[in-house]
Amino acid sequence: MKRYAIWPLAALVLLALPFVFDSGTSLTKMSLMCIMAVFALSYNMLLGQTGMLSFGHAVYYGLAGFMSIHALQILAGPSASMPLIVVPIVGAVTGLLFALIFGWVSTKRAGTAFAMISLGLGELVAASSLIMRSFFGGEEGVSADRSKLAAWLGLDFGAQIQVYYLIAAWTFFAVLAMFAITQTPFGRMANAVRENPERAEFIGYSTQMIRFISFCLSGTFAGIAGALAAINFEIMNALSVSGAQSGAVLLMTYIGGVGHFLGPILGAMLITALQISLSDYTGAWMLYFGLMFILVVMYLPGGLAGLIMAHEPVVRAGHLQRLIPAYLLAAVPAIICLSGAVAIVELAHHALVKAATEGPQMSVIGIEFSSKAPIPWLVAIGLFVTGLLLSRMTWPRVRDAWSEVHLLMKQS
Amino acid sequence: MLELILFSSLNGVLYGMLLFMMAGGLTLIFSMMGVLNFAHASFYMLGAYFGFEIAKHLGFWIGLFVAPLLVGLVGALIERFGLRQVHKHGHVAELLFTFGLAFVIEEVVQMIWGKLPVDYRVPEALDFVAFTMFGTTYPAYKVFMLSIAIGMFIALLWVLTKTRVGLIIQASLSHPHMVAMLGHNVPRIFMLVFGGGSVLAGLAGVIAGPALVTQPSMAALLGPILFVVVVLGGLGSLTGAFAASLLIGLVQTFAVAINVSLSDVFAFMPFNPQVGTVLGDLWSVTVAQVAPVIPYLLLILILIFRPTGLMGNRET
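Just so it is clear, the model here is predicted, and its values are computed rather than measured.

Another point: the overall build of chain B. Looking only at helices and strands, chain B has 14 helices and two strands in total. In chain B, buried positions account for 44% of the 316 residues. Taking all contacts inside chain B whose residues are at least 6 apart in sequence as the whole, residues at least 24 apart take part in 76%.

This is how it looks when you write it as structure tokens:
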């Protein structure tokens, strides 16, 4: 019973959030987070659950978004009778339809071949979006007005708060459905195909069929995300089917963690928040995004969710207090190293990009200096290197603490 | 018509040879280490930018030699301190690592050299007309590019088939464990191949930079085409990569030169879809406009119908 308590709780949080963060920007931010969470989860049905690496997932998101925006335009006519709330169904059907077509082609193969086909299909659709201008609207995209649709229970969805609740409701049910799928026998078979396709074949399942079904389900949910994006932005352009969008969802999902159901949600929320807030502070945020991804791939293959879940058994056994001192000790050089790295990137960005228009002067917490003078650079590099060297000394402490905890847990 | 065929073939072969300079290295890296290197086109871009920067201070000819070596150094360092670390997490992690790397390299290049194309020019010594045929001129720089590409091809062939290093590389393509047991340092061979592949990509960048446009999106534009070439040619087959490079080069160059649409071909028919509908768009699109799509269509078809590629002997 305890396992299921999280769902009403999540629904309550989604309902209550606008009362806590009621400004316009935070409403937009939360709407976007919900959309990206659905998109990233749908991607993880492929990468995390079935072990298929796709480089073209934005195809289903983008095409569904375009179809929804056209649906919005048609439904906004004088004889409109359908409310906005059913538009995500248009997206889901579109996503499913294209996943059926493209999935039939690409799921015949697994592994790297599948990844390459998905890349090819993604590039194909992205290139066609520039040719078929009447559907994709060329450079400026297609726009619509969601408030022109028939009102539903007196709501016209003009205000962002109403749209937030619409998106939140769809997100809740989509996430619930995706979680339910992981619990079915099919979900388990998908995991089996990921772990060992040969043995899955031996017990009598067609791995190709399972990949195909996974692909179609994943396309359907990506379609829902695309439709929600169309409703939220009221505009769709060719960027949403592009390789950049496919790359973004891959980065989000992987940083969040592919091994755990909550990972992609975590990644989507974190990356969306960073995207919106960091871009106010620094012009180099894309670089941080990429570096973060590389660090996760190198040192945290389980992603953030993997890191957090590794502590779950430790907490349950009551040994967390044995890890905390080592963590606190390791945090000091890590913070020094991180601030050094950030300082280097910011100095470089300022000296190379901003200096051309604003001059080399910059200021941090009230201290003015030139980004082209040697001293700030020496300080930044010094911080980075010192942090790195100190880290090498503190890291064994963390490892020792972990092995001690493991030993204790084995004994008990 | 003859003029079109002649010049398109010349340009197609040139583009194909350029593709091979990159696809050759990519194939070697892939068949040896199993890593599909997403950042390979980024090394090509780095080559162009390094060449531009060196040409600005020391002249084009020094850049031609130094820039590829610098790119090779960058590649070897990335292999040694990045890729080798990721190796234990499996092929997907390696693929994702190079994917992130391509992302970061593009951002860094944008930061240093700006988002707009840089003014990387053909050196003055090569800025003349090589020959004129049917009233159309052919620049000497393109002849120079072609000769460099052919020279590189012969050198690569010689290294791989006639030298000891080449033999070890060929052996570790198919039997890496056996090579390690014979006492060779396989990780070091990996580093060498990765660095060598980067040198070739860098060289391609240095010579292609002045002829094409040197801009931060040049890697993203070319990267997927390289994969098409490698898969089309067949994994682990250098000859296949060579044939596929020429094929893609020629197909794309000829497609760009053909300005015919379905509506032109079927002009005699009464059927004529309205302009402004999806069908109308498809009806009036010219072959030249579809040119960027053709390689991906080829890729999908080959992966479905002949997964080993044109000349490969193992499945993807």
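Past the structure itself, the notes keep going.
Our focus in this paragraph is the overall build of chain A. Broken down by element type, chain A carries 17 helices and four strands. Taken against the 2.2 N^0.38 rule, which gives 22 Å for 412 residues, the C-alpha radius of gyration of chain A at 24 Å falls within 12% of a compact globule. Taking the principal axes of the C-alpha coordinates as reference, chain A spans close to 70 × 60 × 45 Å. Counting across all 412 residues of chain A, residues that qualify as buried make up 42%. Expressed as a percentage of contacts within chain A between residues at least 6 apart in sequence, the contacts between residues at least 24 apart total 81%.

Before going further, it helps to spend a moment on helix 5 (residues 140-162) of chain B. Over its 23 residues, helix 5 of chain B runs 32 Å from end to end, which matches the ideal 33 Å to within 8%, given 1.5 Å per residue. Among the residues of helix 5 of chain B, those classed as buried are M145, A149 and L156 of chain B.

The figure often quoted for interface size is the accessible area lost as the parts come together. Residue and element names in this part refer to chain A. Entries for chain A in the domain assignment read domain 1 (2-290) and domain 2 (312-411). Centre-to-centre, using C-alpha coordinates, domain 1 lies 34 Å away from domain 2. Of the residues assigned to the side of domain 1 that touches domain 2, the class counts are two nonpolar, two polar and no charged.

Glancing now at the environment of P374 of chain A. Relative to the helices and strands, P374 of chain A resides in helix 17 (residues 374-411). Taking C-alpha positions, P374 of chain A is 54 Å from W170 of chain A, a pair spaced 204 residues apart along the chain.

Counting from both sides, the interface comprises 38 residues of chain B and, opposite them, 35 residues of chain A. Looking at the side of chain B that touches chain A, the elements that each hand over two or more residues are helix 3 (60-86), helix 4 (91-113), helix 9 (218-233), helix 12 (278-284) and helix 14 (294-305) of chain B. If one sorts the elements of the side of chain B that touches chain A by residue count, helix 4 of chain B sits on top with 12 residues. Each residue belonging to the side of chain B that touches chain A can be placed in one class, and the counts come to 27 nonpolar, nine polar and two charged.

Attention now goes to the packing of helix 3 of chain B against helix 4 of chain B. Residue and element names in this part refer to chain B. One way to put it is that helix 3 packs onto helix 4 with a least axis distance of 8 Å and a crossing angle of 140°. Viewed along their axes, helix 3 and helix 4 adopt a mutual orientation that is oblique. Relative to helix 4, the crossing made by helix 3 is right-handed. For the pair helix 3 and helix 4, contact is made by I78, G82, L83 and V86 and by A93, E94, F97 and L101, respectively.

Turning next to unusual backbone geometry. Phi angles above zero are rare outside glycine, and E234 of chain A is one such case at about 60°. Relative to the assigned elements, E234 of chain A resides in the loop between helix 10 (207-233) and strand 2 (235-236).

The residue I300 of chain B is located in helix 14 in this model. Along the chain, I300 of chain B and G59 of chain B lie 241 residues apart, while their C-alpha atoms are 43 Å from each other. Not counting the four nearest positions on each side in its chain, I300 of chain B is found in contact with V105, I117, G120 and L121 of chain A.

Our focus in this paragraph is the confidence of the model for chain A. Averaged over all residues, the pLDDT of chain A is 84; the fraction at 70 or higher stands at 93%. Across chain A, element-level confidence peaks in helix 10 of chain A with a mean pLDDT of 92 and bottoms out in strand 3 (residues 361-364) of chain A with 68.

Right, let's talk about helix 10 of chain A for a bit. Residues and elements named next belong to chain A. With 27 residues, helix 10 extends 38 Å between its outermost C-alpha atoms, agreeing within 8% with the 39 Å of an ideal straight helix rising 1.5 Å per residue. Burial runs high along helix 10: 23 of the 27 residues are buried. Looking at the residues trailing helix 10, positive phi occurs at E234, about 60°.

This next bit is on the packing of helix 7 (residues 160-183) of chain A against helix 10 of chain A. All names here are of chain A. Orientation of helix 7 relative to helix 10, taken along the N-to-C sense of each, is 170°, at an axis distance of 11 Å. Between helix 7 and helix 10, the crossing angle belongs to the class labelled roughly antiparallel. Across from V163, L166, I167, W170, A174, M178 and I181 in helix 7, the residues of helix 10 making contact are L217, F221, I224, L228, I231 and N232. Grouping the amino acids of the contact of helix 7 with helix 10 by side-chain chemistry returns 12 nonpolar, one polar and no charged.

This part covers the nonpolar core. Core analysis: the largest hydrophobic core is formed by 183 residues, its most contacted members being V38 of chain A together with M22 and V229 of chain B. No other element matches the 15 residues that helix 2 (residues 24-50) of chain A contributes to this core. With residues up to four places along the chain from it excluded, the contact list for V38 of chain A reads T171, A174, V175, F221, I224, A225 and L228 of chain A. Of all hydrophobic cores here, the second largest spans five residues; its members include I336, L347, A380 and L383 of chain A.

Residues and elements named next belong to chain B. Residue position: A76 is located in helix 3. Between the alpha carbons of A76 and G196 there is a distance of 8.2 Å; along the sequence they are 120 residues apart. With near-sequence residues (within four places) excluded, A76 lies in contact with M191, F194 and G195.

Overall, the predicted model of chain B reaches an average pLDDT of 81, with 89% of residues at or above 70. Interface predicted TM-score (ipTM) for the complex: 0.83; the corresponding pTM is 0.86.

What counts and how
- Throughout, residues of each chain are indexed from 1 in the direction in which the sequence is written.
- Chain letters start at A and ligand numbers start at 1, both assigned in the order the entries are written.
- Per-residue local features of the predicted model are confined to residues with pLDDT of at least 70, and side-chain atom pairs are confined, for both listing and counting, to 80 or more; whole-chain, interface and lining totals are unaffected and use all residues.
- Helix and strand definitions here come from DSSP, where helices need a minimum of 4 consecutive H or I residues and strands a minimum of 2 consecutive E residues; each element is numbered from the N-terminal end.
- Exposed residues have 12 or fewer other C-beta atoms within 10 Å of their own C-beta, buried residues have 20 or more, and residues in between are partly exposed; the C-beta atoms are placed from the backbone.
- Whether two residues are in contact is decided by their C-beta atoms, placed from the backbone, lying within 7 Å.
- Our radius of gyration is a C-alpha quantity, and the globule rule it is checked against amounts to 2.2 Å times the number of residues to the power 0.38.
- Here a helix's expected span is defined as the number of its residues, less one, multiplied by 1.5 Å.
- Per the annotation, domain bounds derive from an automatic or database assignment of domains.
- Residues are grouped as follows: Ala, Val, Leu, Ile, Met, Phe, Trp, Tyr, Cys and Pro are nonpolar; Asp, Glu, Lys and Arg are charged; all remaining types, including Gly, are polar.
- Structural elements are reduced to axes, namely lines fitted to C-alpha atoms, with helices fitted over the stretch in contact, and the angle between N-to-C directions of any two is expressed from 0 to 180 degrees.
- Orientation categories follow fixed angle ranges, with anything under 35 degrees roughly parallel, anything over 145 roughly antiparallel, 65 to 115 roughly perpendicular, and all other angles oblique.
- With the far helix as reference, a near helix turned anticlockwise by less than a right angle produces a left-handed crossing, and one turned clockwise produces a right-handed crossing.
- As a per-residue quantity, pLDDT reports the predictor's confidence and falls between 0 and 100.
- What makes a nonpolar core is a set of buried Ala, Val, Leu, Ile, Met, Phe, Trp, Tyr and Cys residues, with links drawn between C-beta atoms within 7 Å.

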